[in-house]
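Chain residues, written in single-letter form:
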Amino acid sequence: MNPKCSHRTFVEQYPGVTEKYQRRTPVQRRQLQEILGLVASTVGSRQCASMGIDISPSTALRIVRGIHYEIDYSSYRHLCIDDFATRKGREYRTLIIDADTHLPLEIVPSRDKADVAKALRKYKHAAIISRDRSSSYAGAIKLARPKAKQIADKFHLVKNCGEHLDKQLRVSMPAIMSELSPSLDRPVRSGALQEDMYKPPTSHDIALFAEIHRLKAAGMSNGSIGKNLGIDAKTVAKYLSMDKPRGRKITASKCVGRYIDIIQEGITSGLGYTAIRDKIVASGGYVDYGVLCDGMKKVFPEYHPKQGYGNKTTSPLAVAQKERTLARQLLGSNKMKIYVANPSFGVKKDTGECTRERVRADMLIDKSGILQDLRQACTSFQDAMSGGKPDELNAWIKKYSVSQYQHIASFARELNKDISAIKNAIRYNISNGPMEGCNNKVKAVKRSMYGRAQDDLLLIKIILYSRIHVHEN
């Protein structure tokens, strides 16, 4: 060092402009953190390059990791907890959010009872904690914050009720079908079932049939007969299986063969397509009008009825048979559970108009005592959960714990194991709804990180993403 040198180095830090050991100003660093925290590192690197700031994806991650949030654990009184998958079916984490602001607070590295309890001990003033029906979370809250009030989420309770209803419907379906048999069963169908139909044999078919049988009677094998006649051995076997010559098989809808006796009788009587279809329906069958027309044109090409497709009419018998078919299909579908559990499903909110399927479902429920009982069980439970009176839940449990429907009774008895948290769900206007929305954000952020979603980095990105959306709302 030369003390006579007149040059001097500026070593003081100017507040707000420069910082020690930094290559960026605080303003630029905060701007980069806001941008890079909301996108993937590779995307952020390209966006910064378009602004004249050249950084690599790894540098982008380091900038985001430089964001620090201090959590005042003593200031949170209402919490929500739920799990999410980092690797579905293998690895899970637990997310803790503030039930009042809906902002994420912490990610617990597992959903085990001990780890969740360790995290909850830091929230010393948490008075209410909302959760799903997980026994692991219930035990963790009781272990860490025994004086806190637990809330079992209403959505999961109603979902559990629907799951037990679905099981009960499967068990009771034979009895329900027996109740509804007068409305659903078809009358016994008359006439023989003829699936395969053939055209009249030609002279070539008759001659080939006779020659193959003659050679076979002479002791020749199928292969030798085929070589002698220039046909395949399978064709030889087909002709040998016939008891008389016949023409080519008619490829038509099976419904034509199924009701061939009725169709032939109708043709003899000079009936048209519509009248023949009405006779099929009257016998207890059902066939679409267009399918019947196409099939008859293939089987009976020479028949030309006066009534054409344009003069088709819909008979009451056909309509009634179609309704019975649709009712059976609805009864065997998963949608029946929704109509039983939710009386307002299928009703337009603006006009109050019901869909056809809704009307059909109500018809089935009105004619079945079992379906009426199951609907009453579900709707009364929903009313008890939304009525704000925990005593109504006690009455519901007492009534249905001894129900003849085993799965409904099992659900009612299970509620007693978590009765305190369920009653708190009725008393307090706090649920896990915000947590479900936050979990969707977690999944979106996690997927954008392309496998680099360590817990600390994921939490930073979730907090940034959530704070922006909270301010927008």
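Residues numbered from 1 in each chain as written. Predicted model: local features only at pLDDT ≥ 70, side-chain atom pairs only at ≥ 80, totals over all residues. Heavy atoms only, no water.

1. Notes on the overall build of the chain
Scanning the chain for helices and strands turns up 22 helices and five strands. Across the 473 residues in the chain, those meeting the buried criterion constitute 40%. Within the chain, contacts between residues separated by at least 24 positions form 62% of all contacts whose residues are at least 6 apart in sequence. Accessible surface for the chain amounts to roughly 27,500 Å². Of this, 51% is attributable to carbon and sulfur atoms. (Helix = DSSP H or I, 4+ residues; strand = E, 2+ residues; numbered from the N terminus. Buried < 20%, exposed > 50% of the residue type's maximum accessible area, 1.4 Å probe, protein only. Contact = heavy atoms within 4.5 Å. Areas by Shrake-Rupley, 256 points an atom, 1.4 Å probe, with all protein chains shown as cover.)

2. Considerations on the packing of aromatic side chains
The tally for this structure, following the rule as stated, stands at seven aromatic pairs. Aromatic side chains Tyr73 and Tyr123 sit 5.0 Å apart centroid to centroid with 80° between the ring planes, which places their arrangement in the edge-to-face category. Of this pair, Tyr73 sits in the loop between α3 (57–65) and β1 (78–87) while Tyr123 sits in the loop between α4 (113–120) and β4 (128–131), and the two are 50 residues apart along the sequence. The buried category is assigned to Tyr123, whose relative accessible area is 0%. Following the ring pairs from residue to residue traces out a cluster consisting of Phe381, Trp396, Tyr400 and Phe411. Here Arg111 stacks its cationic end above the ring of Tyr92, 3.7 Å away from the centre of that ring. (Phe/Tyr/Trp six-rings, centres within 6.5 Å; stacked < 30°, edge-to-face > 60°. Lys NZ or Arg CZ within 6 Å of the ring centre and 35° of its normal.)

3. Some words on the side chain of Gln150
For Gln150, the location among the structural elements is in strand β5 (residues 149–152). Classification of Gln150 by relative accessible area gives buried; the value is 15%. A distance of 3.3 Å separates a polar atom in the side chain of Gln150 from the backbone oxygen of Ala138. Discounting residues that sit within four places of it in the chain, Gln150 has contacts with Ile129, Arg131, Ala138, Ile141, Lys142, Ser420, Ala421 and Asn424. (Polar contact = N/O pair within 3.5 Å; in protein donor to acceptor, adjacent residues only side chain to side chain.)

4. Some thoughts on the packing of helix α17 (residues 369–386) against helix α18 (residues 390–400)
Closest axis-to-axis distance for the α17/α18 pair is 9 Å, and the angle between their directions is 155°. Of the possible angle classes, the one that applies to α17 and α18 is roughly antiparallel. Crossing hand, α17 versus α18: left-handed. Together, Gln376, Ala377, Ser380, Phe381, Asp383 and Ala384 of α17 and Glu392, Leu393, Trp396 and Tyr400 of α18 make up the contact between the two elements. Here the residues of the contact of α17 with α18 sort into six nonpolar, two polar and two charged. (Axes fitted to C-alpha atoms, helices over the stretch in contact; angles between N-to-C directions. Parallel < 35°, antiparallel > 145°, perpendicular 65-115°, else oblique. Left-handed = near helix turned anticlockwise from the far one by under 90°. Nonpolar A, V, L, I, M, F, W, Y, C, P; charged D, E, K, R; others polar.)

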